[in-house]
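Chain residues, written in single-letter form:
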Protein chains: 2
Amino acid sequence: MRILGIDPGLRRTGFGVIDARGAQLQYVTSGTIVVPADLPLAQRLKVILDNIREVVLANAPNVSALEKVFVNANPASTLLLGQARGAALCALADSDLLVHEYTALQIKKSVVGNGHAAKGQVQRMVQTLLSLNGLPAADSADALACAICHAHISPMAERLARSGDLRAGRTARMHNGRLTG
Amino acid sequence: MRILGIDPGLRRTGFGVIDARGAQLQYVTSGTIVVPADLPLAQRLKVILDNIREVVLANAPNVSALEKVFVNANPASTLLLGQARGAALCALADSDLLVHEYTALQIKKSVVGNGHAAKGQVQRMVQTLLSLNGLPAADSADALACAICHAHISPMAERLARSGDLRAGRTARMHNGRLTG
């Protein structure tokens, strides 16, 4: 099972791809989509959309994982994050990838063993679990942590992801009564 | 100039297309994308993405207009609206359409002549301005009002929309250093 983890943000969107074979995890790739802040909103979202689609094309994951978002204290930030998240989810659904969402608590518990672990601890555990030479950058680490969480929590996910009927895109198309793919 | 107005929402997304030749407005089409509430979030966003892309393909607008959103009292609703809005903006940018945003005040002032007009007044003025036989549905009326606002406020917009360099997609691609279209 190849898992794509995404950590969406309007300025920086992290991504990380791992392979999971039972308990064995293997690092594939990770990085950060840096979105130029001077672009109009629609174009910034398109940068996220295009780059995630490219990551999917280049790495062919079977399934994807995101952190469930809790609303920010600042409503304007919540709206911006929502739009970035919308772009990321569109890219995944548009690539026919099933999307799993996990809370920050689930992710930290699954990666560090402590639901209230600090960000630095998550980075170090991601480095350890994936045998990386260096500490991963914050955005990449968060995205890889999502992917690791999915590998740990959902050993059933591979079967689901391989079952065509449950693929995000196909179901959406069915509900639309259209047949484009 | 053919203008696509969008009124995004996670349950219902309104769209409306008009032609503007100087002060003359002509109704082209309008409707509501009804998103099945029982789908997972990513698939709901894909319904919005796919259907707006289809409206663009079918009607070939030159430019698009949306209402600028003000954050909701309920942060969870703000996040959901943000995600729906992200999907709509992705569809527009993905279709290489320039996106203009107007505040509710600008739209009501432009359509009704009063920035604090009631929803019903907007519907009736949309009907009058576009010589529609019946009152348009609420979502369609809001989307058509966005398009009318753009026709009124921005007579310069056509030239901008026709200038390739300013198109959303192209700029985004340039900033990405990629050449896919």
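Since the model is a prediction, treat every value here as computed from it, not as a measurement. (Residues numbered from 1 in each chain as written. Chains lettered and ligands numbered in written order. Predicted model: local features only at pLDDT ≥ 70, side-chain atom pairs only at ≥ 80, totals over all residues. Heavy atoms only, no water.)

**Some details on the sheet that holds strand β3 (residues 24–34) of chain A**
Residues and elements named next belong to chain A.
Okay, step 1: The strand order across the open sheet built from five strands is β3-β2-β1-β4-β5, with neighbouring strands paired in mixed fashion. Of all strands in the sheet, those bounded by a partner on one side alone are β3 and β5 (98–102). Within the sheet, the average angular offset between the axes of one strand and its neighbour, ignoring direction, is 25°.
Okay, step 2: Note: strand β1 (residues 2–7) against strand β4 (residues 63–67), four bridges, orientation parallel. If you follow Leu4 over to β4, its bridge partner there is Ser64.
Okay, step 3: Across the sheet, helix α1 (residues 41–59) touches β1, β2 (12–21) and β3, and the angle it forms with β3 is around 150°.
Okay, step 4: Sitting on the sheet, helix α5 (residues 138–153) is in contact with β1, β2, β3, β4 and β5, with an inclination near 35° to β2. (Pairing = 2+ DSSP bridges. Helix = DSSP H or I, 4+ residues; strand = E, 2+ residues; numbered from the N terminus. Axes fitted to C-alpha atoms, helices over the stretch in contact; angles between N-to-C directions. Contact = heavy atoms within 4.5 Å.)

**Some details on the sheet that holds strand β3 (residues 24–34) of chain B**
Residue and element names in this part refer to chain B.
Okay, step 1: The strand order β3-β2-β1-β4-β5 describes an open sheet built from five strands, whose pairing is mixed. One side of each edge strand has no neighbouring strand; the edge strands of this open sheet are β3 and β5 (98–102). Pairwise comparison of adjacent strand axes, ignoring direction, gives a mean angle of 25° for this sheet.
Okay, step 2: The pairing of strand β1 (residues 2–7) with strand β2 (residues 12–21) spans six bridges and is antiparallel. Pairing of Arg2 across the sheet is with Asp19, part of β2.

**Points about the pairing of β3 of chain B**
Residues and elements named next belong to chain B.
Okay, step 1: Pairing between β2 and β3: ten bridges, direction antiparallel. Bridging from a neighbouring strand, Thr13 pairs with Ile33 of β3.
Okay, step 2: Counted along the chain from β2 to the antiparallel partner β3, the turn is two residues long, and its residue Gly22 has a positive phi close to 60°.

**Details of the pattern of salt bridges**
Okay, step 1: A full pass over the atoms with the stated rule returns 18 salt bridges over all chains.
Okay, step 2: In this structure, Asp139 of chain B engages Arg12 of chain B in a salt bridge whose closest nitrogen and oxygen atoms are separated by 2.9 Å. Placement of the pair is Asp139 of chain B in helix α5 (residues 138–153) and Arg12 of chain B in strand β2, with a sequence separation of 127 residues.
Okay, step 3: Residue Asp139 of chain B is classed as buried on the basis of its relative accessible area, which comes to 15%.
Okay, step 4: Between Asp142 of chain B and Lys119 of chain B there is a salt bridge, with its nearest N and O atoms 2.8 Å apart. With Asp142 of chain B in helix α5 and Lys119 of chain B in helix α4 (residues 119–129), this pair connects stretches of sequence that are 23 residues apart.
Okay, step 5: A cluster of three or more residues bridged by salt bridges with shared partners is formed by Lys46, Asp50, Arg53 and Asp94 of chain A together with Lys46, Asp50, Arg53 and Asp94 of chain B. (Salt bridge = Lys/Arg side-chain N within 4 Å of Asp/Glu carboxyl O. Buried < 20%, exposed > 50% of the residue type's maximum accessible area, 1.4 Å probe, protein only.)

**Here we look at the state of the cysteines**
Okay, step 1: Applying the stated criterion across every chain, the model contains zero disulfides over all chains.
Okay, step 2: Left unpaired, Cys149 of chain B is separated from the closest cysteine sulfur, that of Cys146 of chain B, by 7.1 Å. (Disulfide = S-S within 2.5 Å.)

**Quick look at the confidence of the model for chain A**
Residues and elements named next belong to chain A.
Okay, step 1: Mean pLDDT over chain A: 86, with 86% of residues reaching 70 or higher.
Okay, step 2: Segment residues 165–181: pLDDT under 50, and 33 contacts once partners within four positions in sequence are set aside and those in other chains are kept.
Okay, step 3: In the predicted complex, the global pTM is 0.81; the interface-specific ipTM is 0.77. (pLDDT = per-residue confidence, 0-100.)

**Some details on the nonpolar core**
It is characteristic of soluble globular proteins that their nonpolar side chains tend to be buried jointly.
Okay, step 1: Counting 56 residues, the largest nonpolar core has Leu4, Ile52 and Leu92 of chain A together with Leu4, Ile52 and Leu92 of chain B as its most contacted members.
Okay, step 2: Broken down by secondary-structure element, the contributors of at least two residues to this core are β1, β2, α1 and α2 (75–94) of chain A together with β1, β2, α1 (41–59) and α2 (75–94) of chain B. (Core = buried A, V, L, I, M, F, W, Y, C linked by side-chain atoms within 4.5 Å.)

**Points about the packing of helix α4 (residues 119–129) of chain A against α5 of chain A**
Packed helix pairs are characterised by how far apart their axes lie and by the angle those axes make with each other.
Residues and elements named next belong to chain A.
Okay, step 1: Remark: α4 packs on α5, axes separated minimally by 9 Å, with the N-to-C direction vectors making an angle of 65°. As α4 runs across α5, the sense of the crossing is left-handed. Each of Lys119, Val122, Gln123, Val126 and Leu129 in α4 lies in contact with α5, whose residues at this interface are Ala138, Ala141, Asp142, Leu144, Ala145, Ile148 and His152.
Okay, step 2: Considered class by class, the residues forming the contact of α4 with α5 number eight nonpolar, two polar and two charged. (Left-handed = near helix turned anticlockwise from the far one by under 90°. Nonpolar A, V, L, I, M, F, W, Y, C, P; charged D, E, K, R; others polar.)

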